[in-house]
Amino acid sequence: AQSVAQPEDQVNVAEGNPLTVKCTYSVSGNPYLFWYVQYPNRGLQFLLKYITGDNLVKGSYGFEAEFNKSQTSFHLKKPSALVSDSALYFCAFISNFGNEKLTFGTGTRLTIIP
Amino acid sequence: DVKVTQSSRYLVKRTGEKVFLECVQDMDHENMFWYRQDPGLGLRLIYFSYDVKMKEKGDIPEGYSVSREKKERFSLILESASTNQTSMYLCASSPPGQGFMEAFFGQGTRLTVV
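Let me sum up the structure you'll find in this document. (Residues numbered from 1 in each chain as written. Chains lettered and ligands numbered in written order. Predicted model: local features only at pLDDT ≥ 70, side-chain atom pairs only at ≥ 80, totals over all residues. Heavy atoms only, no water.)

Time to look at the interface of chain A and chain B. Contacts between the two partners involve 23 residues from chain A and, on the opposite side, 24 residues from chain B. A combined buried area of about 1900 Å² lies between chain A and chain B, and 58% of that area is made up of carbon and sulfur atoms. Three residues, L44, E100 and K101 of chain A, lead the burial of chain A against chain B; their summed loss comes to 29% of the area buried on that side. If you look at where chain A meets chain B, you find zero salt bridges. Applying the counting rule to chain A against chain B returns four residue pairs in polar contact (both at pLDDT 80 or more). Looking at the side of chain A that touches chain B, the elements with two or more residues in it are β5 (32-38), β6 (44-50), β10 (87-96) and β11 (99-104) of chain A. In terms of residue count, β11 of chain A provides more of the side of chain A that touches chain B than any other element does, six residues in total. Across the side of chain A that touches chain B, the residue classes tally to 12 nonpolar, seven polar and four charged. (Contact = heavy atoms within 4.5 Å. Buried area = accessible area lost by both parts, 1.4 Å probe. Salt bridge = Lys/Arg side-chain N within 4 Å of Asp/Glu carboxyl O. Polar contact = N/O pair within 3.5 Å; in protein donor to acceptor, adjacent residues only side chain to side chain. Helix = DSSP H or I, 4+ residues; strand = E, 2+ residues; numbered from the N terminus. Nonpolar A, V, L, I, M, F, W, Y, C, P; charged D, E, K, R; others polar.)

Laid out in structure tokens, this is it:
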């Protein structure tokens, strides 16, 4: 079955340090990959997406993600973490063009330590 | 701004009751989704709809049904609520194609079945 995996349930990073939230995919054909974020007591928000083109994708709040076909990964990154980045992050994919079923990973809780 | 509105933030229902969760979007989106969110399991797709009266099963449709009689409204129905359906339910909508535009989420309905 096609899926995305987030291998870390929890990631802790010191404020000001770079952060990485990992995602690997198992999707046939050309994967369409997304990152969403859920802040406490708020709904999910779109961060960024990879459809085609440049492997480095830039998104909201200074986040970026790198699509790596050889490693089947789409890790989320930020050069300098803020306490306000603490949230639940979800990797997601759409498997078939024309059938836009959006499927999510299990989520990673990111905590930025002051 | 796109708005996806779920009719209730919190619901408490009894085992065996028929439960309706309502979702309305105001952006004329073709696609609408229902997910449930559980700790450690992420977001799991229950049903999605890509047009009025059109629906497809997601990954966990058992015990649920849906209705989409109008484009803006997508209802999730628990035919006979059970305690294992206690969860956070999230509705989302997105436009079709166009490079897979972002999905917009409602605030969620926390359902407790007692």
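The next subject is unusual backbone geometry. The backbone of T72 of chain A shows a phi angle near 45°, a positive value even though the residue is not glycine. Among the secondary structure elements, T72 of chain A is positioned in the loop between β8 (64-68) and β9 (73-78). The class for T72 of chain A is partly exposed, based on a relative accessible area of 30%. Not every positive phi belongs to a glycine, and K53 of chain B is a case in point at roughly 65°. Residue placement: K53 of chain B occurs in the loop between β5 (42-51) and β6 (54-57). The class of K53 of chain B is exposed, set by a relative accessible area of 55%. (Buried < 20%, exposed > 50% of the residue type's maximum accessible area, 1.4 Å probe, protein only.)

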